[in-house]
Amino acid sequence: MSADVQSQLGVLADRDPFVSAERFEVVIVSYHSRDQVAGLLSGAAGPDQRLVVVDNSSGADGVAGLLAGFPHGRYLDGRNSGFAAAANTGARSSSAEFLIFANPDSRPTPVIWQALLADLEADPHLAAVAASPTGVDGRIEIGAAGWQPTIRRCLVQAVGLHRWRPTAGVYARPRVGASLQPDWLTGACLAVRRKTFLELGGFDERYFVYNEDMAFGRMVRDAGLRQTLRTDLLVPHAAGSSGGGSTKMPQQRGASMAAFLGDHDTAAAAGVMRVVLALGMLARSVAARALGRPELGRRHAAYVRGIVTGRSPYRRGR
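As the structure is a prediction and not an experimental result, all values here were calculated from the model.

Calculation notes
- Residues numbered from 1 in each chain as written.
- Predicted model: local features only at pLDDT ≥ 70, side-chain atom pairs only at ≥ 80, totals over all residues.
- Heavy atoms only, no water.
- Patch = residues over 30% accessible without salt bridge, like charges linked within 9 Å, V, L, I, M, F, W, Y side chains within 5 Å.
- Areas by Shrake-Rupley, 256 points an atom, 1.4 Å probe, with all protein chains shown as cover.
- Salt bridge = Lys/Arg side-chain N within 4 Å of Asp/Glu carboxyl O.
- Helix = DSSP H or I, 4+ residues; strand = E, 2+ residues; numbered from the N terminus.
- Axes fitted to C-alpha atoms, helices over the stretch in contact; angles between N-to-C directions.
- Parallel < 35°, antiparallel > 145°, perpendicular 65-115°, else oblique.
- Left-handed = near helix turned anticlockwise from the far one by under 90°.
- Contact = heavy atoms within 4.5 Å.
- Nonpolar A, V, L, I, M, F, W, Y, C, P; charged D, E, K, R; others polar.
- Buried < 20%, exposed > 50% of the residue type's maximum accessible area, 1.4 Å probe, protein only.
- Core = buried A, V, L, I, M, F, W, Y, C linked by side-chain atoms within 4.5 Å.
- Pairing = 2+ DSSP bridges.
- Phe/Tyr/Trp six-rings, centres within 6.5 Å; stacked < 30°, edge-to-face > 60°.
- Lys NZ or Arg CZ within 6 Å of the ring centre and 35° of its normal.
- pLDDT = per-residue confidence, 0-100.

(A) Here's a closer look at a nonpolar patch on the surface. There is a patch of nonpolar side chains on the surface, built from V275, L279, L282 and V286 and spanning about 370 Å² of accessible area. Take V275: it is sitting in helix α9 (residues 267-290).

Take a look at the structure:
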């Protein structure tokens, strides 16, 4: 553990409220992400921290070895079950009062974890609270939170109007410190009360990866509970650095959105939204290629392939 982390933990221990390490557990879903997990742990986790790594690559990259310095660390084989199922496995196997889901490529600090946990302790009706992931430019990433897809919101997103009307689309990209009332939160750095999370059903395992956050947000709303994005708590995040090849993840994103729309809307409405989102991304693909960015164009095209066909490039257990 770095001296900086030791210093932060010492300061936090003198604060009130302070959630002690034994009361919360960090859940990390890894898929060929050993180096990223190492970076996350070195910057945020002290030796007394409870944490569980659920490994969807079944030990292929030796991520279990990173837990040698953590007496309260656990390793579970996720058997390539997908993010939602692996995260739920970590949650169900835990005995902690609170859980923090952390992406391997996120870089939170103990200060941020404690701020999220303090929010949960203060409000029993708060089901989930997330810090805001930021990109290399320091801005909050698009998709840090968002709203239930509708035809109108999909149109706004597809034609790019969300740049000028940031609360009108499906995906939010709020300014630092902005007040926001989203319908769902990203799971990059998400804190929940374990009992509430499991009572709501956890993440929807129908989605291999992506859209489990939208589905969980819907369950939170249906239960009459609250969820909050802390736009004042910023977590550096290398989005998409875990996972498969450069076009597999965008295709999976499209396929998961197609499945989510089919599960939660009428067939007609889901069909319209899929077409709208596909056309918007197709236009972006053409523009990217014209501007000399063929790799970005291929990723956009892969999303189109996923949302049109609904085919996932991944299979559970493979």
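(B) View of the packing of α9 against helix α10 (residues 294-309). Packing of α9 against α10 brings their axes to within 8 Å, and their N-to-C directions diverge by 165°. Compared by their axis directions, α9 and α10 come out roughly antiparallel. Here α9 and α10 pass one another in a crossing that is left-handed. Residues R274, L277, A278, M281, L282, R284, S285, A288 and R289 of α9 lie in contact with α10, whose contacting residues are P294, L296, G297, R298, H300, A301, Y303, V304, I307, V308 and T309. For the contact of α9 with α10, a count of residues per class yields 12 nonpolar, 4 polar and 4 charged.

(C) Region of interest: the side chain of D183. Of note, D183 is situated in the loop between β7 (171-172) and β8 (184-185). Taking relative accessible area as the criterion, D183 reaches 18% and is therefore assigned buried.

(D) Representation of the packing of helix α5 (residues 151-159) against α9 within the structure. The interhelical angle for the contact between α5 and α9, taken along N-to-C directions, is 5°, at an axis separation of 9 Å. Taken together, the axis directions place α5 and α9 in an arrangement best described as roughly parallel. Touching I151, C154, L155, Q157 and A158 of α5 are A269, V272, M273, V276, L277, G280 and R284, all from α9. Among the residues making up the contact of α5 with α9, the classes are represented as 9 nonpolar, 2 polar and 1 charged.

(E) Fine view of the environment of A158. In this fold, A158 is placed in helix α5. Taking the C-alpha atoms as reference, A158 lies 9.7 Å from M273; in sequence the two are 115 residues apart. When sequence neighbours within four positions are dropped, the list of residues in contact with A158 reads V276, G280 and R284.

(F) Spotlight on α5. Within α5, burial applies to C154, V156, Q157 and A158. Elements that come into contact with the buried residues of α5 comprise β7 and α9.

(G) Geometry of the nonpolar core. Core analysis: the biggest nonpolar cluster contains 34 residues, and F101, L190 and F203 have the highest contact counts within it. Counting residues per element, this core draws most heavily on helix α3 (residues 83-92), which supplies 5 residues. Sequence-distant contacts of F101, that is, excluding residues within four places in its chain, are made with V27, A87, A91, G187, A188, C189, L190, V192, F197 and F203. Counting residues in hydrophobic clusters, the runner-up holds 30 residues, among them F24, L41, A131 and A191.

(H) Geometry of α3. Within α3, 8 of the 10 residues are buried, which leaves it mostly tucked inside the rest of the structure. Along α3, the residues that are buried comprise F83, A84, A85, A86, A87, N88, G90 and A91. Residues of α3 that are buried in the fold lie against β1 (24-30), β2 (50-55), β3 (73-77), β4 (98-102), α6 (194-199) and α7 (212-222).

(I) Quick look at the sheet that holds strand β6 (residues 145-146). Spatially, 3 strands are ordered β7-β6-β8 in an open sheet, and the strand pairing comes out antiparallel. Each of the sheet's edge strands pairs with one partner strand only, and the pair in question is β7 and β8. Where β6 and β8 come together, 2 bridges link them in antiparallel fashion. Opposite A145, over in β8, you have L185 as the bridge partner.

(J) Representation of the packing of aromatic side chains within the structure. For the structure on display, the rule yields 10 aromatic pairs. A centroid spacing of 5.2 Å and a plane angle of 50° characterise the contact between F197 and F216, whose relative ring orientation is tilted. Of this pair, F197 sits in helix α6 while F216 sits in helix α7; the two residues are 19 residues apart in sequence, bridging distant segments of the chain. This pair shows no difference in class: F197 is buried, exactly as F216 is. Taking 6.1 Å as the distance between ring centres and 55° as the angle between the ring planes, the aromatic pair formed by Y207 and F260 counts as tilted. Of the two residues, Y207 is situated in the loop between α6 and α7 and F260 in helix α8 (residues 248-264); the sequence distance between them amounts to 53 residues. Grouping residues by exposure puts Y207 and F260 together as buried. Taken together through their ring pairs, the aromatic side chains of F83, F101, F197, F203 and F216 make up a single cluster. Against the face of Y210 rests R253, its NZ or CZ located 4.1 Å from the ring centre.

(K) Quick look at the confidence of the model for the protein. A residue-level look at the protein finds 92% of positions with pLDDT of 70 or above and a mean pLDDT of 91. Within the model, pLDDT remains below 50 along residues 1-16, and this stretch shows 20 contacts once partners closer than five positions in the same chain are excluded.

(L) The pairing of β4, seen in detail. When you tally the buried positions in β4, you get 5 out of 5 residues, the bulk of the element. Residue alternation in β4 divides its side chains into two sets, F98, I100 and A102 and L99 and F101, and both sets are buried. The pairing of β1 with β4 spans 4 bridges and is parallel. Counted as the bridge partner of V26 is I100 from β4.

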